[in-house]
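# A structural walkthrough
Residues per chain are reported as follows:
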Amino acid sequence: MSLRIVVTVKYVPDATGDRHFADDLTVDRDDVDGLLSELDEYAVEQALQISENSDDDVEVTVLTIGPEDAKDALRKALSMGADKAIHVEDDDLHGTDAIGTSLVLAKAIEKAGYDLVVSGMASTDGTMGVVPALVAERLGVPQVTLLSEVSVEDGTVKGRRDGDSATEQLEASLPAVVSVTDQSGEARYPSFKGIMAAKKKPVQSWDLSDLEIDADEVGLAGAWTKVETATERPARTAGTIVKDEGEGGKQLAEFLASQKFI
Amino acid sequence: MAEVLVYVDHVDGAVRKPTLELLTLARRVGEPVAVALGNGAGDTAATLAEHGAVKVLTHEASEYADYLVVPKVDALQAAVESVSAAGSLAAVLVPSSAEGKEIAARLALRIGSGIITDAVDLEAGDEGPVATQSVFAASYTTKSRISKGTPVITVKPNSAAVEAAPAAGAVEALTVSFSDKATGTKVTGRTPRESTGRPELTEAAIVVSGGRGVNGAENFAIIEALADSLGAAVGASRAAVDAGWYPHTNQVGQTGKSVSPQLYIASGISGAIQHRAGMQTSKTIVAINKDAEAPIFELVDYGVVGDLFDVVPALTEEVKARKG
């Protein structure tokens, strides 16, 4: 038996840097440092663990959509241990929304061939957290999402979803789409050996025509949502800071009382 | 007047507060029609009517609890089709829970509509509803609208006031036929989260959070004591959760809950970007931290530089004394 895992990853602006919008109100990806979205590292890690714990012949492919620089995200995943990578790159993709992203991912996943798709819980830039559900809808396969524990055995994926009001145990037959949270287990650091090996691993490049997608289905023009304005939030006005000289608790209580909280 | 579908988040018929907030926003855009699914769906009608629901579409079936997400998408799609056939549909509003966003996204794709998630405000516009969102760890505010299909919008808790607005709330049974995908992901076990007796983190008017400075699971008792004196929910930073001091369900920040209470009290939290992303839109922010240089102090309305083990218990006593 073989098991083909596709891990979707995103190259995002560094959240610890200054993130902003470009003139066309898309996320500025040119003037900022980017990296593999931290939340996708957990997806790569879980895919590698599934691979290591399996008796099957497992192949882990990482897939990303994005400009040239997005290859950095693929290289990081390859150096962690993924086997190969696919980079979907096309100028017409600029400004694609979540619905369009799910179309491109689904087409690329189908073209690559898959038994299991593993995604992170959300990107750290858009933070919608809906792409895995959309990809499952597109592919017509079960969604087993927001897992803090995941395992695959005999063609079945099982996992634990810690929801707002309950913890649920989930189960579905492959093929399926899984997403994992930051509670699923710390991602490994690439080893020196891994980094060297990654340089020899294949990275395939596809454009929209390879995926038989028309340019007007994606990009800013094909987006079904429109950002009309983006305004930088005014810095909060400086508040009162006091040093505790034994009266800090009392002073804080007075502030809270003045604001009618007590 | 066009109708607005409001997806009802309820537990065995008890409607959760974010749904009532959605009804306030829905009334700005059209006539609210609520959709309540699963066990106790029929019991939601009275509360929904009090808050403006003109109609309540209900459907009870075991599939909603036994399988993940898709049965609810099937039902919401049936509601969209039924309302659209009878008149016009202005928007579909869904509470921004993890599950709510997944339901909304799949629905949007099926009905050929755009989706906006995590709105913090909603107003009527010439070309359809305009949603306000807070992005990049709340450093930007955007206004967006949906340019294709019926707008599907998820709204974060605490985005609007709950308002009494009595309406008919006529209950109608919704006809749902489940798709063959509905039973794809089976829920084989469910353990309800134990109630702490405190308000829901995302819905609370006051949140008291502890971070690295709390320095141990047992020390969270002093954070909880302050929270209880104020009737607040308890939050924790990622550092505190990763250290195993407090459950992940209470994590505030990018990979945890995003909260927007009237008052947020951060104790022993430095205020890293990951944390700020989850609390920066709070109305009033207060911090207690030993380090005067901690970035959290850039956000505060009132800050105390000091040892939280001195300041927090003193504050708790003072609150109790003032409340009598």
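Residues numbered from 1 in each chain as written. Chains lettered and ligands numbered in written order. Predicted model: local features only at pLDDT ≥ 70, side-chain atom pairs only at ≥ 80, totals over all residues. Heavy atoms only, no water.

Per an unreviewed UniProt entry, chain B goes by Electron transfer flavoprotein subunit alpha/FixB family protein and derives from Streptomyces spinosisporus. UniProt lists a comment for chain B under the heading Function (unreviewed entry), and it reads "The electron transfer flavoprotein serves as a specific electron acceptor for other dehydrogenases. It transfers the electrons to the main respiratory chain via ETF-ubiquinone oxidoreductase (ETF dehydrogenase)." The record held by UniProt for chain B lists under Sequence similarities (unreviewed entry) the comment "Belongs to the ETF alpha-subunit/FixB family." (UniProt positions renumbered as here; feature names shortened; annotations may be inferred.)

As recorded in an unreviewed UniProt entry, chain A goes by Electron transfer flavoprotein subunit beta and comes from Streptomyces spinosisporus. Regarding chain A, the relevant UniProt record gives this comment under Cofactor (unreviewed entry): "FAD".

### Notes on the pairing of strand 1 (residues 2-9) of chain A
Residues and elements named next belong to chain A. Counting buried positions along strand 1 gives six out of eight residues, so the element sits mostly inside the fold. As paired strands, strand 1 and strand 4 (residues 57-65) are joined by eight bridges and run parallel to one another. If you follow Thr8 over to strand 4, its bridge partner there is Leu63. The sheet contact formed by strand 1 and strand 6 (residues 116-120) spans three bridges and is parallel. Paired with Ile5 across the strands is Leu116, a residue of strand 6. (Buried < 20%, exposed > 50% of the residue type's maximum accessible area, 1.4 Å probe, protein only. Helix = DSSP H or I, 4+ residues; strand = E, 2+ residues; numbered from the N terminus. Pairing = 2+ DSSP bridges.)

### So, the interface of chain B and chain A
You'll often see interface size given as the accessible area lost when the parts meet. Contacts between the two partners involve 85 residues from chain B, matched on the other side by 72 residues from chain A. Between chain B and chain A, a total of about 6900 Å² is buried, with carbon and sulfur atoms accounting for 58% of that surface. A per-residue breakdown of the area chain B buries against chain A is headed by Leu109(B), Phe136(B) and Tyr302(B), which together make up 11% of the total. Along the contact surface separating chain B from chain A lie seven salt bridges. Counting the contacts that link chain B with chain A gives 34 residue pairs in polar contact (both at pLDDT 80 or more). The residue inventory of the side of chain B that touches chain A, partitioned by class, reads 35 nonpolar, 27 polar and 23 charged. Pairing of strand 9 (residues 166-173) of chain A with strand 12 (residues 186-192) of chain B, which is carried by six bridges, proceeds in the antiparallel orientation. Across the sheet, the residue bridging to Glu168(A) is Arg190(B), located in strand 12 of chain B. (Contact = heavy atoms within 4.5 Å. Buried area = accessible area lost by both parts, 1.4 Å probe. Salt bridge = Lys/Arg side-chain N within 4 Å of Asp/Glu carboxyl O. Polar contact = N/O pair within 3.5 Å; in protein donor to acceptor, adjacent residues only side chain to side chain. Nonpolar A, V, L, I, M, F, W, Y, C, P; charged D, E, K, R; others polar.)

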